[in-house]
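As a plain string of letters, each chain reads:
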Amino acid sequence: MNPEPPGTPAEPPANLEAIVQIAFDNNYSDIHLGVGEVPRFRGLGDIVASPWPVTSADTFRDWLREVLNPGQLQLQAAEGIRWITLLLLREGEDQSARNGAGSGHGAAPHP
């Protein structure tokens, strides 16, 4: 894993939307989030760690509340899901053409 990514603020963002915006602004293709881990990004095939603290279970749950409906949240809690990868798709980009696209990944389209 590479050192912290350039263009990433030292203070953690207030919400998942802000993390997605940082990733988009820096041309990262993926965001990797997990309980007990620092948030990470994929840029040009390399995984880079953010300078932010390790993600707590409460923070992870708050992020999931931003993107999942109540039924999906119940499933997440029941299955004990503790990490997610968000793929950033730019307009006109085909997810099926991306390496690693498939199960275990969620897509976060961004204008």
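Provided above is the structure to which this section pertains.
Please read all numbers here as calculations on a predicted model, not as lab measurements.

Participant: Just to check I follow, could you spell out the overall build of the chain for this structure?
Facilitator: When helices and strands are tallied, the chain shows 3 helices and 5 strands. Along the chain, from the amino end to the carboxyl end, the secondary structure elements read α-β-β-β-α-α-β-β. Looking at the chain as a whole, 35% of its 111 residues are labelled buried. At a minimum sequence separation of 6, the contacts of the chain that also span at least 24 residues come to 45%. In the structure as shown, the chain presents an accessible area of about 6600 Å², 53% of it carried by carbon and sulfur atoms.

Participant: I would appreciate a short explanation of the environment of I47 in the present structure.
Facilitator: As for its placement among the helices and strands, I47 is situated in strand β3 (residues 46-49). A residue is classified by how much of its surface remains accessible, and I47, at 21% relative accessible area, is partly exposed. Note: C-alpha distance between I47 and Y28 (19 residues apart in sequence) is 9.5 Å.

Participant: I'm lost on the environment of R42 in this one. Help?
Facilitator: On the secondary structure map, R42 appears in strand β2 (residues 40-43). Taking relative accessible area as the criterion, R42 reaches 27% and is therefore assigned partly exposed. Taking the C-alpha atoms as reference, R42 lies 5.5 Å from Y28; in sequence the two are 14 residues apart. Here R42 is in contact with Y28, S29, D30, H32 and I47, once residues within four sequence places are set aside. Here G45 takes part through its backbone oxygen, which lies 3.2 Å from a polar atom of the side chain of R42.

Calculation rules
Residues numbered from 1 in each chain as written. Predicted model: local features only at pLDDT ≥ 70, side-chain atom pairs only at ≥ 80, totals over all residues. Heavy atoms only, no water. Helix = DSSP H or I, 4+ residues; strand = E, 2+ residues; numbered from the N terminus. Buried < 20%, exposed > 50% of the residue type's maximum accessible area, 1.4 Å probe, protein only. Contact = heavy atoms within 4.5 Å. Areas by Shrake-Rupley, 256 points an atom, 1.4 Å probe, with all protein chains shown as cover. Polar contact = N/O pair within 3.5 Å; in protein donor to acceptor, adjacent residues only side chain to side chain.

Coordinates in, geometry out; function isn't part of it.
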